[in-house]
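This is what each chain is made of:
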Amino acid sequence: MDSTPSTEVLHDSYPYFRVYKDGRIEKFAEFPYSPPSEDPQTGVKSKDILIPPENNVSVRLYLPRTTTPDEKLPIIIYIHGGGFVIESAFSPLYHPYLNSLAAEAKAIAVSIEYRLAPEHPIPACYDDSWIAFEWVLAHASSAQGPEAWINNHADFARIFLAGDSAGANIAHDVMVRASEKIGPGDEVKIAGMILVHPFFGDGKPDKIFSRIAPDSSISCDDPRLHPMAHPDLLSRLVCKRVLVLTAEKDFIRERSLLYYCALKKSRWDGELEMMETEEEGHCFHLPNPTSERARVLMKRIVTFINQDPS
């Protein structure tokens, strides 16, 4: 049998990564570590937290300028993209973006560093993100959690789950899990979910997802990949507001539209919003955060977060 690796490409995201027919995933880009800091432009402070040490799950916390020692702020739990295989919460792409998001929304941001595939197959990224989410919620009951920034400033009635691309997919899974845990009378409330150019399936074999799953038991309609095939699951989402963001030239734009339509047709009784950016591609705002369209996108997200829930 010929053991020579296949050169036939199934998915090409060069210069970042490439997926081959034989299942190999070749990574080209390395992502330097951007240390936490006090950002001189925004005044946002950040620091890294390892939680819990035995699982090597970590987050980067962001705290904007506050007016009082106990000023309560919304919480944005953010999950980075990268096709499940690249990028980092600590990279030069995401660190400045979270600084800006925390400053403009005037919110605590919790950016999750999860394990990447294929070295850590599905469901590692989902489980790591859920661990981080539960760690945040553990501060709610008595404000005696391990992190003072969250104890002093978090408004647990204004939690937002957010992410871009694969991170939006993972954020949606966290929302699904949270919807089984958080009741309508609970002190903790997820005020909204923000899905930026989400990486969902379309009911057909996915070239990336099928290569990072541990075996063939994960079907094309797995609820993590293709939640649109599960209207009952969508109907039970505990948040009352969802913002779906698309881009005209995004290569997975149609999947965002399918998700929007599926949620709208389900029995979910929340407020659903959508915005599409013209003439732009997938996650265009991250490498070009100061462009006019990126600023418009940021403003839309900030408005969604700061909207009066009443």
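What you are looking at is a predicted structure, and each value in this text was computed from that prediction instead of being measured.

Participant: Can you walk me through the pairing of strand S8 (residues 154-164) in this structure?
Facilitator: The side chains of a regular strand alternate between the sheet's two faces. When you tally the buried positions in S8, you get 8 out of 11 residues, the bulk of the element. With 6 bridges connecting them, strand S6 (residues 73-79) and S8 associate as parallel partners. What sits directly across from isoleucine 76, in S8, is phenylalanine 160. Where S8 lies against strand S9 (residues 190-196), 6 bridges are found, and the strand directions are parallel. Considered in S9, the bridge of alanine 162 is made with isoleucine 194. You can see the chain leave S8, run along helix H4 (residues 166-179) and come back into S9, and the turn it takes is right-handed.

Participant: Help me understand the packing of helix H1 (residues 94-105) against helix H8 (residues 292-306) in this model?
Facilitator: To describe two helices that pack against each other, one gives the angle between their axes and the distance between the axes. Packing of H1 against H8 brings their axes to within 9 Å, and their N-to-C directions diverge by 45 degrees. With respect to each other, H1 and H8 are oriented oblique. In this structure, H1 crosses over H8, and the sense of that crossing is right-handed. Seen from H1, the contacting residues are Tyr97, Ser100, Leu101, Glu104 and Ala105; seen from H8, they are Met298, Ile301, Val302, Ile305 and Asn306. Along the lines of polarity and charge, the residues of the contact of H1 with H8 split into 7 nonpolar, 2 polar and 1 charged.

Criteria and cut-off values
Residues numbered from 1 in each chain as written. Predicted model: local features only at pLDDT ≥ 70, side-chain atom pairs only at ≥ 80, totals over all residues. Heavy atoms only, no water. Buried < 20%, exposed > 50% of the residue type's maximum accessible area, 1.4 Å probe, protein only. Helix = DSSP H or I, 4+ residues; strand = E, 2+ residues; numbered from the N terminus. Pairing = 2+ DSSP bridges. Right-handed = clockwise from strand over helix to strand, strands pointing away. Axes fitted to C-alpha atoms, helices over the stretch in contact; angles between N-to-C directions. Parallel < 35°, antiparallel > 145°, perpendicular 65-115°, else oblique. Left-handed = near helix turned anticlockwise from the far one by under 90°. Contact = heavy atoms within 4.5 Å. Nonpolar A, V, L, I, M, F, W, Y, C, P; charged D, E, K, R; others polar.

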